[in-house]
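Observations on chain architecture
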Amino acid sequence: MNVARARPLSAPARDPAWLARVFWIGAALVLLWPLFVATEFRPWVMFDAQSRGPTLAFLSAFFPPALGSDFLLLVARETWRTVAIATAGITLALVLAIPATLLSTRALSISALSGRMAPVPALLRQLLRWVLIVLRSIPELVWALIFVRVVGLGPTAGVLAIALTYGGMLGKVYGEILESGDSHVTRCLLANGSGRLQAFSYALLPQNAAELTSYTVYRWECAIRSSVVLGFVGAGGLGQQLDNSTKMFAGGEVATMLLVFIALVALADRTSGWLRKALG
Amino acid sequence: MKPVSGPPAANVPYKLPPPLFGARCKACWFGLGLLVLVVASFWSLDLQWRAFLSLDAAASMARFVGEFFPPDLSAPFVRKVLVGAAETLAMSALGTLLAAVFGLLLALSASRTHAGDRAHARAPVRLLLNALRAIPELVWAALLLISAGLGPLAGTLALALHTTGVLGRLFAEAIENAPTGPAFALRAQGVPAGRVFLYATLPQVLPQLMSYTLYRWENNIRAAAILGVVGAGGLGQLLAFHMGLFQMGKTATVLAAMLLLVALVDAFSYAARRVMTR
């Protein structure tokens, strides 16, 4: 009796499932072998004598970070350009997304009030939706590669790339947000003879304003990150400087720019979090 | 001062709407700031609209797109593109897997599981995770090229580093938010911390960890497709290579493969979500 009561108080001496764990880890490694082959996964090449030298030299140059006043001024200017490319891109994306949303959302269909939507408007909405999906699914880096070829190096390519990809994204998600909410008020207004724009601005917009704004702010934050990446294909900004310095093995400059970039992302993160909280 | 109590006013005064712009109107200041930001952005960037919207640019754009046709569909090149697509998938899968393993290891030290847990490493590990997360995959790849050389290894490691930051943070949140009852029961019995995690916390959070990992995998396939533009393997490397040589027919094939891959991933994840939530 006493023994039986005392027993659960002592922990089992060993992990009862360890054999199964070891087996499954081994099985997974065998099954994943093709992946290691396909990705040429040989991390030890990073430590052989040939690549150890440049790596160590590059990393040891990280400290101290480059802090010359000329360089800091350059970094500040490029940081502003990065933010400006993202902001201008998002603004143009809104110019694209807002009309597309108004035209494509099913919540503003008058013929859908009485059952099914008429075939022509339904087809038109679906076509517009497909256009948005195509715009969204081409990565901004590919757009930028193409535009750099056409308009040359510079921020124009970056702004256009962000505008097109993010226009598609915003348009698609705005449509989903507008359709997911309560449609009673909108339908009521439409059924009583108000125009589509009136129904939008008096029913749909006030109902969904907080969610729409919060999504836009979140996308602005993403756009800052991708405008750095676009710099690597020649669209200007912090990314382009980072690319140049990396190619010249200037570790100190790379260290400074990475720190600035981390701070910028943290700042955008904080701002967007604060804004979204304030919006409720 | 006592409130004056008397008969109510015969006509209750209407409350006027707030003035359109007041010094305390936060939304007004915010809107003004936003306007300034947008105007300053457009003003400070030397955007070449004229060059872009001119007839010249339209013609060169049309010529550029025209060169895409016909895409190169010869069997050896298509095979090469397929190998590139497989490499992209492998990079994303292995990168995500490595990230899940290291993310979980880091998340363990980045989470405070019970009130008595000192969790000394919590703040520094969270800082590390944030730094890993803040730098995009492409920047990691460009930096890793120096030590890993051109090829898919740099891309895989770049995906793994960035995703470790993302997943580590999400995992730590999940572990901290797990119900503490089972873990408490085991700890009270004197079970060591590692086994408490394996038998009490992990089974509870495993579905959440799996869903985060799958979601990141989906993102990483998309990222891996373009990662190669800096030379880190997969379809992106083929794209940058052939575009650099102005072989537009081949570029068109690679672009089409890339878009097809992204569309397939989107469709598959949409279908999977539909099936799972039904």
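What counts, and where the lines are drawn
Residues numbered from 1 in each chain as written. Chains lettered and ligands numbered in written order. Predicted model: local features only at pLDDT ≥ 70, side-chain atom pairs only at ≥ 80, totals over all residues. Helix = DSSP H or I, 4+ residues; strand = E, 2+ residues; numbered from the N terminus. Rg over C-alpha atoms; globule rule 2.2 N^0.38 Å. Buried ≥ 20, exposed ≤ 12 C-beta atoms within 10 Å, placed from the backbone. Contact = placed C-beta atoms within 7 Å. Core = buried A, V, L, I, M, F, W, Y, C linked by C-beta atoms within 7 Å. Nonpolar A, V, L, I, M, F, W, Y, C, P; charged D, E, K, R; others polar. Axes fitted to C-alpha atoms, helices over the stretch in contact; angles between N-to-C directions. Parallel < 35°, antiparallel > 145°, perpendicular 65-115°, else oblique. Left-handed = near helix turned anticlockwise from the far one by under 90°. Expected span 1.5 Å × (residues − 1). Arc of directions from axis to C-beta. pLDDT = per-residue confidence, 0-100.

**Description of the overall build of chain B**
A count of helices and strands for chain B gives 11 helices and zero strands. Ordered by position in the sequence, the α and β elements of chain B form the string α-α-α-α-α-α-α-α-α-α-α. For a compact globule of 278 residues, the expected C-alpha radius of gyration is about 19 Å, and chain B comes in at 28 Å, more than 25% above that figure. By principal-axis analysis of the C-alpha atoms, chain B measures approximately 90 × 70 × 45 Å. For chain B, buried positions account for 39% of its 278 residues. A sequence separation of at least 24 residues applies to 71% of the contacts in chain B between residues at least 6 apart.

**Here's the deal with the nonpolar core**
If you look at the biggest cluster of nonpolar residues, it comprises 127 residues, and the most contacted ones within it are A:A144, A:I162, B:A141, B:L144 and B:A158. The residues contacting B:L144, other than those within four sequence positions of it, are B:A154, B:L157 and B:A158. Judged by nonpolar contacts, the second largest core, of five residues, contains B:L186, B:V196, B:F197 and B:A200.

**Looking at the interface of chain A and chain B**
Counting from both sides, the interface comprises 50 residues of chain A and, opposite them, 50 residues of chain B. Mapped by element, the contributors of at least two residues to the side of chain A that touches chain B are α3 (33-38), α4 (49-60), α5 (69-104), α7 (140-151), α8 (155-180), α10 (196-230), α11 (238-247) and α12 (251-279) of chain A. Broken down by class, the residue content of the side of chain A that touches chain B amounts to 34 nonpolar, nine polar and seven charged.

**Description of the packing of helix α10 (residues 235-244) of chain B against helix α11 (residues 248-277) of chain B**
Residue and element names in this part refer to chain B. Look at α10 against α11: their axes get within 9 Å of each other, and the N-to-C directions meet at 155°. Put simply, α10 runs roughly antiparallel to α11. Handedness of the crossing formed by α10 with α11: left-handed. On α11, the residues that touch L235, L238, L239, H242 and M243 of α10 are K250, T251, V254, L255, A257 and M258. Among the residues forming the contact of α10 with α11, the class breakdown is eight nonpolar, two polar and one charged.

**Topic: helix α6 (residues 119-137) of chain A**
Working note: α-helix, 3.6 residues per turn, so residues spaced by three or four point in the same direction. All names here are of chain A. An ideal rise of 1.5 Å per residue puts 27 Å on 19 residues; α6 measures up with 27 Å between its terminal C-alpha atoms. Among the residues of α6, those classed as buried are L132, L135 and R136. Buried residues of α6, viewed axially, fall in a sector of 100°; they line one side. Away from the buried face of α6 by more than 90 degrees, exposed residues P119, V120, L123, L127 and W130 are located. Check the buried side of α6 and you find it contacts α5 and α8.

**Topic: the confidence of the model for chain A**
Residue and element names in this part refer to chain A. With 94% of its residues at a pLDDT of 70 or more, chain A shows a mean pLDDT of 85. Confidence scores differ between elements of chain A, with helix α1 (residues 2-6) showing the lowest mean pLDDT of 46 and α5 the highest of 93. Across residues 1-6, where pLDDT falls below 50, the model places zero contacts with residues more than four positions away in sequence or in other chains.

**Focus on the environment of B:F30**
All names here are of chain B. Tracing the backbone shows F30 in helix α1 (residues 26-44). F30 gets classed as exposed once you count the C-beta atoms within 10 Å, which come to 12. Through-space distance from the C-alpha of F30 to that of L209 is 38 Å; in sequence the pair is 179 residues apart.

**Examining the packing of α5(A) against α6(A)**
To describe two helices that pack against each other, one gives the angle between their axes and the distance between the axes. All names here are of chain A. At a closest axis distance of 9 Å, the pairing of α5 and α6 adopts a crossing angle of 145°. Seen along the crossing, α5 lies across α6 with a hand that is left-handed. Where α5 approaches α6, its residues A100, L103 and S104 are matched on the opposing element by R125, L128, R129 and L132.

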